[in-house]
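Below are the chains, spelled out letter by letter.
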There are 2 protein chains.
Amino acid sequence: MGYRVITISRQFSSGGSLIGKKLAEKLGINCYDREIIGKVAEESGLCEKFIEEKGEYGNKVAIEVFFSTGMYYNGPSVEDNIWALQHKIITELAEKEACVIVGRCADYILKNRKDVMNVFIHADKEDRIERLKKECDKKIAIPDVYLKEMDRRRSTYVQFYTDMKWGDSKNYDITLNSSSVGIDACVEILADLYKNNNN
Amino acid sequence: MGYRVITISRQFSSGGSLIGKKLAEKLGINCYDREIIGKVAEESGLCEKFIEEKGEYGNKVAIEVFFSTGMYYNGPSVEDNIWALQHKIITELAEKEACVIVGRCADYILKNRKDVMNVFIHADKEDRIERLKKECDKKIAIPDVYLKEMDRRRSTYVQFYTDMKWGDSKNYDITLNSSSVGIDACVEILADLYKNNNN
C-alpha cells in the first residue's frame, strides 16, 4: 500500500513547518498546520492563541503534577477537550484526502493506518536560534534556554497524551536534520520517498 | 564543506550493515564493518569473536554495576582497551580515506569532524526477526526477547562510553526505517545525500 498522508513532527523552530508547506506544494496536496487550530477554534469556541499553545504543550502545571505525583484532576480539562477535537479533526482529514499534517501528534493519532509516512525534523541549535529571532513575534531574552524549555514541554506533552517518545527515530519512517541536509533537500528527499511509494 | 565519511549506527538485525555495504559499493569507497574487528584483533591479540561482542556491548556486569551503584573498577578493563583501539582505528580511517564505517560509536568518535554524515538505521520487529532467523548462526529461542536484550545492551554501551542517546534522531543527519523505506531506497537516498553535499 502506498503513502497517502504525511505527518511531520518537528522541533520548535527547526524549519519543519516550512518543509511541510513546500512538500505539500510540490506534491499538489494540502498542508494542515495552523489550519487545524482554526478548525478547533470553530468547534470549541476557544481563541486561536490559547489553542495554539495548549494543543501542543498542554497544561504545564497539571502535566508536571501528574508526572511527579501520579495525581490527575477529575474529568476532562479544557486541554483534554482540545486534544479530543484535534484527534477528531486529524482522523477526519486523513480519511478525506491525501495531505501533509504538521505537528499535533498526528503520527500517534493515525498510527493504525498503514498509509501514513511519519517524518521528524530537527535542526542545529544555532540555526534554530537564528530562525527564532527572525520569525518569533515576541522578544526572547535567552533563546537557548527558551528552546530547551520548548523541547522539554513538547516532549512531556507527547509523553502525557501518547505512549511515544518524541524524537526517537524508531517512531518515524525518516528523520532529517534540516541544518545539515538543507530545507530544499529535505523537501526533495521526502517528495521522492512519498512518490516512490505510490508508484 | 562536503561529506567525506559516512557513519552508520543501526539496530541489531535492521539491515544497517547491508545498507552500509551497498552504499559504499555505489559510491566506490570502502566500507568498514567487521574489518575493524580484524584490525583490533591484530593490535590486541584478542580473538575476533570476543572483540565483536565486547566492542559493541561491553562488559555487561561492569556496566550494570556502574549504572546501579556508580562504582567502577580501578584501571582500564579489556573492554576499555578494545574501546580505545576502536577509537584509534576509526580516527585513523577517517583521516586516511572517504569511507563508510558501520557501528562502533563512529558517530561519537568522529564528532569533532565537520565532514561526517551520521546515519541511523532501524526496522520493524517482524522484519528484524525474519532477518535474525535467516542470518544468525546460533539458535535463538525467543527472538523477540533476544532483540529487546540486544537493543538494551547496545543502548547501555553507547550511554556508558559516550554522552549520546542511541537512536535519538537529534544525533543523526538522517535516520531511516529500512522496513518501510526498503533497503535499496535507503541506499539511494543516502548516496544522493552524500553526493549532493560533495557537488
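Reference entry: report on the structure contained in this document. (Residues numbered from 1 in each chain as written. Chains lettered and ligands numbered in written order. Predicted model: local features only at pLDDT ≥ 70, side-chain atom pairs only at ≥ 80, totals over all residues. Heavy atoms only, no water.)

**Things to note about the sheet that holds strand 5 (residues 174–177) of chain B**
Consideration 1: Strand order in this open sheet of 10 strands is 2(A)-3(A)-1(A)-4(A)-5(A)-5(B)-4(B)-1(B)-3(B)-2(B), and the pairing throughout is mixed. Here the strands that pair on one side only, and so sit at the sheet edges, are strand 2 (30–32) of chain A together with strand 2 (30–32) of chain B. Mean inter-strand twist for the sheet, computed between neighbouring axes without regard to direction, equals 20°.
Consideration 2: When strand 1 (residues 5–10) of chain B meets strand 4 (residues 116–122) of chain B, the two strands line up parallel, connected through six bridges. Bridge assignment links S9(B) to a residue of strand 4 of chain B, and that residue is F120(B).
Consideration 3: Lying over the sheet, helix 10 (residues 183–196) of chain A contacts strand 1 (5–10), strand 4 (116–122) and strand 5 (174–177) of chain A, oriented at roughly 165° with respect to strand 5 of chain A. (Pairing = 2+ DSSP bridges. Helix = DSSP H or I, 4+ residues; strand = E, 2+ residues; numbered from the N terminus. Axes fitted to C-alpha atoms, helices over the stretch in contact; angles between N-to-C directions. Contact = heavy atoms within 4.5 Å.)

**Remarks on the packing of aromatic side chains**
Consideration 1: Considering all chains together, one arrives at 16 aromatic pairs over all chains under this definition.
Consideration 2: Measuring from ring centre to ring centre gives 5.5 Å for F120(B) and W166(B), while their planes differ by 85°; the resulting arrangement is edge-to-face. Linking F120(B) in strand 4 with W166(B) in the loop between helix 8 (143–161) and strand 5, this pair joins segments that are 46 residues apart in sequence. Residues F120(B) and W166(B) agree in their burial class; the two are buried.
Consideration 3: By way of ring pairs, the aromatic residues W83(A), Y108(A), Y157(A), F160(A) and Y161(A) are connected into one cluster.
Consideration 4: The ring of Y108(A) is capped by K111(A), whose NZ or CZ atom sits 4.3 Å from the centre of that ring. (Phe/Tyr/Trp six-rings, centres within 6.5 Å; stacked < 30°, edge-to-face > 60°. Buried < 20%, exposed > 50% of the residue type's maximum accessible area, 1.4 Å probe, protein only. Lys NZ or Arg CZ within 6 Å of the ring centre and 35° of its normal.)

**Brief notes about the relation of the copies chain A and chain B**
Consideration 1: With an RMSD of 0.0 Å, chain A superimposes on chain B once it is rotated by 180° and translated 0.0 Å along the axis. Classification of the inter-copy transformation places it as that of a two-fold axis.
Consideration 2: Interface overlap between copies: 100% of the residues of chain A at the interface are likewise at the interface in chain B, consistent with a symmetric, same-surface contact. (Least-squares fit on C-alpha atoms with pLDDT ≥ 70 in both.)

**Details of unusual backbone geometry**
Residues and elements named next belong to chain A.
Consideration 1: With a phi close to 65°, S13 is a non-glycine residue in the positive phi region.
Consideration 2: Among the secondary structure elements, S13 is positioned in the loop between strand 1 and helix 1 (16–27).
Consideration 3: Backbone geometry at C105 places phi at a positive 55°, although glycine is not the residue there.
Consideration 4: By secondary structure assignment, the location of C105 is in the loop between strand 3 (99–102) and helix 6 (106–109).

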